[in-house]
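# An overview of the molecular structure
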Amino acid sequence: MKIAVIVSRVLLGLGFIIFGLNIVHPFLPMPPPPEGLVTQFMGVMIPTHWMTFVGLVQLVGGILVLIGGTAPLGLVLLGPVLVNILSFHIFIEGGQGIAPGIVFSILEIFLLYAYRSYFRAIFTASASPGK
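What you see is a predicted model, and the numbers here were worked out from it, not measured in a lab. (Residues numbered from 1 in each chain as written. Predicted model: local features only at pLDDT ≥ 70, side-chain atom pairs only at ≥ 80, totals over all residues. Heavy atoms only, no water.)

Moving on: the packing of helix α1 (residues 2-24) against helix α5 (residues 99-114). Their axes nearest at 10 Å, the elements α1 and α5 cross at an angle of 135°. Between α1 and α5, the interaxial angle falls into the category oblique. By crossing handedness, the relation of α1 to α5 is classed as left-handed. In contact with A4, V5, S8, R9, L11, L12, G15, F16 and F19 of α1, α5 contributes F104, L107, E108, F110, L111 and A114. For the contact of α1 with α5, a count of residues per class yields 11 nonpolar, two polar and two charged. (Axes fitted to C-alpha atoms, helices over the stretch in contact; angles between N-to-C directions. Helix = DSSP H or I, 4+ residues; strand = E, 2+ residues; numbered from the N terminus. Parallel < 35°, antiparallel > 145°, perpendicular 65-115°, else oblique. Left-handed = near helix turned anticlockwise from the far one by under 90°. Contact = heavy atoms within 4.5 Å. Nonpolar A, V, L, I, M, F, W, Y, C, P; charged D, E, K, R; others polar.)

This is the structure in structure tokens:
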């Protein structure tokens, strides 16, 4: 289990570091977006610098997951990013290009399970302030 956690952390962390850096400072070739919803979506997200923010969250989350001791915090940052990645590919692209999002989501879920003791407190029905 320990080796699987390390391999998952490295794959997830490096993946988000590379793709986060590519958003912040593009270095991987990107095909032009197809006409339609994707173009409209990116037409809003890029000029407002929202994608730069998302890239920075991916970069920081990937670094935190890769470090190890900060993996739970990195997983918390990457969770919403993965939900948005999957939502984009399902609702805007009709399922095209969803494979990397599914792979990263499986790695995220596995790591959430591996670090489940750090998340136990948020899954309670008897929460009270000040604890």
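Next up on the list: the nonpolar core. Ranked by internal contacts, the top residues of the largest apolar core, which has 15 residues, are L12, F16, V65, L75, F104, L111 and Y115. By residue number, the principal contributor to this core is helix α4 (residues 71-92), which donates five residues. Excluding anything up to four places from it in sequence, L75 contacts L12, V65, E108, L111, L112, Y115 and F119. (Core = buried A, V, L, I, M, F, W, Y, C linked by side-chain atoms within 4.5 Å. Buried < 20%, exposed > 50% of the residue type's maximum accessible area, 1.4 Å probe, protein only.)

What follows is about unusual backbone geometry. Positive phi, close to 65°, is recorded for H49, a residue that is not glycine. Among the secondary structure elements, H49 is positioned in the loop between α2 (37-45) and α3 (50-67). Looking at H49, the relative accessible area reads 56%, which means it is exposed.

Attention now moves to the packing of aromatic side chains. What the rule picks out here adds up to five aromatic pairs. Measuring from centroid to centroid gives 6.4 Å for F19 and F104, while their planes differ by 65°, and the two rings are edge-to-face. In this pair, F19 is assigned in helix α1 and F104 in helix α5, connecting sequence segments 85 residues apart. A residue is classified by how much of its surface remains accessible, and F19, at 42% relative accessible area, is partly exposed. On the accessibility criterion, F104 (14% relative accessible area) is buried. Relative to F53, the ring of W50 lies with its centre 5.3 Å away and its plane at 45°, an arrangement referred to as tilted. (Phe/Tyr/Trp six-rings, centres within 6.5 Å; stacked < 30°, edge-to-face > 60°.)

For the rest of this paragraph, the subject is the environment of L11. Inspection of the secondary structure puts L11 in helix α1. When its relative accessible area of 48% is taken as the criterion, L11 is described as partly exposed. Spatially, the C-alpha atoms of L11 and T48 are 30 Å apart, while their sequence positions differ by 37 residues.

Turning to the environment of I3, a few remarks are in order. Considering the arrangement of structural elements, one finds I3 in helix α1. Classification of I3 as exposed rests on a relative accessible area of 66%. Separated by 76 residues in the primary sequence, I3 and G79 have C-alpha atoms spaced 22 Å apart.

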